[in-house]
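Now for the letters of each chain:
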Amino acid sequence: MKKKLKRQILSMVLVLVCVLNMGITVFADEEYDAGMTREEVIEKYSVHTGNKQADAVFNKYLEKASNLMVDEKYENVRRAFGDEDLGTYYKEYFITYAGVTEEEWGKMTIFERMFSFYLYVMPLHYLMEYSYDSAFATLEIYLDKVCGDIYEGFQYYDTELAEAYYEIMEWQYYYITENRAVYNFMTGEDSLGNTKIEEIEEVKLTEENSLGDTLKEKISEVKQEIEEEDAKEQENIQESMKNMEQEEEVEVVEADVDEEDDAVDETTEFMQNMWIVFVILGAVIVALVVALLVLIIQRKNSGKN
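Note that the structure is predicted; figures quoted are calculated from it, not measured.

What am I meant to see in the overall build of the protein here?
Along the backbone of the protein there are 13 helices and two strands. Burial statistics for the protein: of 305 residues in total, 36% are counted as buried. Just so you have it, the protein exposes about 18,500 Å², and 53% of that area is on carbon and sulfur atoms.

Looking at this model, I keep getting lost on the packing of helix H8 (residues 110–129) against helix H12 (residues 159–179). Mind explaining?
Angle between the axes and distance between the axes are the two parameters that describe a pair of packed helices. Remark: H8 packs on H12, axes separated minimally by 11 Å, with the N-to-C direction vectors making an angle of 45 degrees. In terms of axis orientation, H8 runs oblique to H12. Relative to H12, H8 is oriented so that their crossing is right-handed. Residues Tyr118, Leu119, Pro123 and Leu127 of H8 form the contact with H12, whose participating residues are Tyr165, Ile168, Met169, Gln172 and Ile176. Considered class by class, the residues forming the contact of H8 with H12 number eight nonpolar, one polar and no charged.

Just to check I follow, could you spell out the packing of aromatic side chains for this structure?
Describing an aromatic ring pair means giving the distance of the ring centres and the angle of the ring planes. Under the criterion given, the structure shown has 29 aromatic pairs. Centre to centre, the rings of tyrosine 165 and tyrosine 166 are 6.5 Å apart; their planes meet at 25 degrees, and the pair counts as stacked. Tyrosine 166 carries the same exposure label as tyrosine 165, and that label is buried. Counting every residue linked through ring pairs, the aromatic cluster contains Phe81, Tyr90, Tyr93, Tyr97, Phe117, Tyr118, Tyr151, Phe154, Tyr165 and Tyr166. The lysine or arginine in question, arginine 113, covers the ring of tryptophan 105, its NZ or CZ lying 4.1 Å from the ring centre. Geometry around tyrosine 132 places arginine 180 over its ring, the cationic atom sitting 3.8 Å from the centre.

I tried to follow the nonpolar core on my own but got confused; where do I start?
Note on soluble globular proteins: their nonpolar side chains tend to be buried together. Of all hydrophobic cores here, the largest spans 66 residues; its most connected members are Tyr61, Phe115, Tyr118, Leu119, Tyr142 and Tyr165. The element best represented in this core is H8, accounting for 13 residues.

So, how was this worked out
Residues numbered from 1 in each chain as written. Predicted model: local features only at pLDDT ≥ 70, side-chain atom pairs only at ≥ 80, totals over all residues. Heavy atoms only, no water. Helix = DSSP H or I, 4+ residues; strand = E, 2+ residues; numbered from the N terminus. Buried < 20%, exposed > 50% of the residue type's maximum accessible area, 1.4 Å probe, protein only. Areas by Shrake-Rupley, 256 points an atom, 1.4 Å probe, with all protein chains shown as cover. Axes fitted to C-alpha atoms, helices over the stretch in contact; angles between N-to-C directions. Parallel < 35°, antiparallel > 145°, perpendicular 65-115°, else oblique. Left-handed = near helix turned anticlockwise from the far one by under 90°. Contact = heavy atoms within 4.5 Å. Nonpolar A, V, L, I, M, F, W, Y, C, P; charged D, E, K, R; others polar. Phe/Tyr/Trp six-rings, centres within 6.5 Å; stacked < 30°, edge-to-face > 60°. Lys NZ or Arg CZ within 6 Å of the ring centre and 35° of its normal. Core = buried A, V, L, I, M, F, W, Y, C linked by side-chain atoms within 4.5 Å.

Following this line, the structure appears as structure tokens:
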């Protein structure tokens, strides 16, 4: 696949911290949630803002994402949001795009930083810094450009978590396209300060046609297109290699033919030279015989006299 790549460095940090193995100094804020169980995380961070659809979307996502705070395999991800060096990158994003102050950042828990960054700050960054069509023209473009790197980072750990992230971000996409603002699930307010959130018409949270089902279909379609592109690309590569091999074979054959032609030319030239030598030798022999006969005849005539 043409990979792709290519994007802002901060959107890649999640992928990078997947492989961090070194010790990192962590802010004390992580202690807010240290030792909590998954059930305690869900109870603490479930939202009840009054926007029923948005609350339902987030709380459903929380069922999967709560593992980020309790599972040891996510330790490096948590550390990245508390580390004095890596955390600075995230903090600058919060200050620049979400209007968060240094003091507010310092009071945020690791969970609040992570979820606000993934679900709110990153799409807000793209909405403010990029042309609308380049990031939000279609759902597929949005999922790839705005959410793709974070999705890949989650997929490194858990495919179900990655799909749950795509699901909630699909809702966010429809909210953005309808309101030209990004919704903050944790506060119940969007980036324009609106708190009265209308239900998103494109998305209906029903058992028959859930976000997950819709998304799986779209992901399946995108994967199929990617696989077809990969297969076509591999076919083109193999065809190119085959053509190169055929060209090399032709060059070898032509070289052999040229060598054979050169050998034939050399043999012909040699034979021609030999014939010339034979002719010259024959002429010399004939001349010698004639001269000898003349000499003999002259001696006979001299004897008679």
